[in-house]
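A structural walkthrough
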Amino acid sequence: MKFVIATGNEGKVREFKRILEPMGFGAVSMKELGLVLDVEETGKTFSENAYLKAEAVCRLTGLPAIADDSGLCVDALNGAPGVYSARYSGQGDDGNNQKLLDEMADVPPEKRTARYVCAICCCFPDGTRLTAQESCEGAIGYELSGEQGFGYDPLFYVGERSFGQYSDEEKDAISHRGKALRLFCETLKKHRISDEWTGEKD
């Protein structure tokens, strides 16, 4: 089975492919299909936004489409930036990280707890929908550290290192997206994969 990855975020595309393909599932990006689609994320939860993106791409392509909505939830900020993580500052990753550092400037170490959350939704041509959600607990650092990953990874610490310092393999093993995709694949394997699901014809 091959999924269309319903995102224009190349960092997410790389992670999706890295995790799905070894489990036997093909994945193709919207860019590879020549698709340009900007779905407005009007949902109030990660799950709602993931569904909006997957459903729109499935409807457009007639193929199974998988999307995630993910973000950083910081306890000292009452769960912010949450579903607004990607557009927290309106100035991309650099602006988002700087705004987070500014907001957390006076927060002591013991209160800098946070978690990455990832909701996965896959929509199939026959209307079937499968979902999964996972999280990864961590803390917000005092400065950017590491060159790996994307988004808030240089500020999100699990143990002594930020996600910006983890290798791809190390991050995939514990990250919110890695755990959510593995849970999704387990759910998918429990269901009968029909021709109607995949959009394939005899």
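Residues numbered from 1 in each chain as written. Predicted model: local features only at pLDDT ≥ 70, side-chain atom pairs only at ≥ 80, totals over all residues. Heavy atoms only, no water.

Focus on helix H1 (residues 10-20)
Counting buried positions over the 11 residues of H1 gives eight, a clear majority of the element. Measuring from the backbone nitrogen of glycine 11 back to the side-chain oxygen at the start of H1 gives 2.9 Å, which picks out asparagine 9 as the cap. (Buried < 20%, exposed > 50% of the residue type's maximum accessible area, 1.4 Å probe, protein only. Helix = DSSP H or I, 4+ residues; strand = E, 2+ residues; numbered from the N terminus. Polar contact = N/O pair within 3.5 Å; in protein donor to acceptor, adjacent residues only side chain to side chain.)

Brief notes about the layout of surface pockets
Space inside the largest pocket adds up to approximately 680 Å³. Along the wall of the largest pocket there are 34 residues; nearest its centre are Thr7, Asn9, Lys12, Glu41 and Ala86. If you list the elements that add at least two residues to the lining of the largest pocket, you get H1, helix H2 (46-61), strand S3 (65-74), helix H3 (92-103) and helix H5 (176-189). Here the element with the most residues in the lining of the largest pocket is S3; it accounts for four residues. The residue makeup of the lining of the largest pocket, split by class, is 12 nonpolar, 10 polar and 12 charged. (1 Å grid on protein atoms, 1.4 Å probe; cavity = no way out; pocket = protein on both sides within 12 Å on 5 of 7 lines; lining within 4 Å. Points joined across faces, edges and corners; volume = space filled by probe spheres on them. Nonpolar A, V, L, I, M, F, W, Y, C, P; charged D, E, K, R; others polar.)

What to know about the pattern of salt bridges
Applying the stated rule across the entire model yields 16 salt bridges. Here arginine 59 and glutamate 55 are joined by a salt bridge, their closest N and O atoms 2.9 Å apart. Taken together, the positions of arginine 59 and glutamate 55, both in helix H2 and four residues apart, correspond to about one turn of that helix. A relative accessible area of 59% places arginine 59 in the exposed class. A salt bridge links arginine 115 to aspartate 75, with the shortest nitrogen-to-oxygen separation between them at 2.9 Å. Residue arginine 115 is located in strand S4 (residues 113-123), and its partner aspartate 75 is located in the loop between S3 and H3; the two are separated by 40 residues in the primary sequence. Connected through salt bridges with shared partners, the residues Lys12, Glu15, Arg18, Asp68, Asp153, Asp168, Lys171, Asp172 and Arg177 form a single ionic network. (Salt bridge = Lys/Arg side-chain N within 4 Å of Asp/Glu carboxyl O.)

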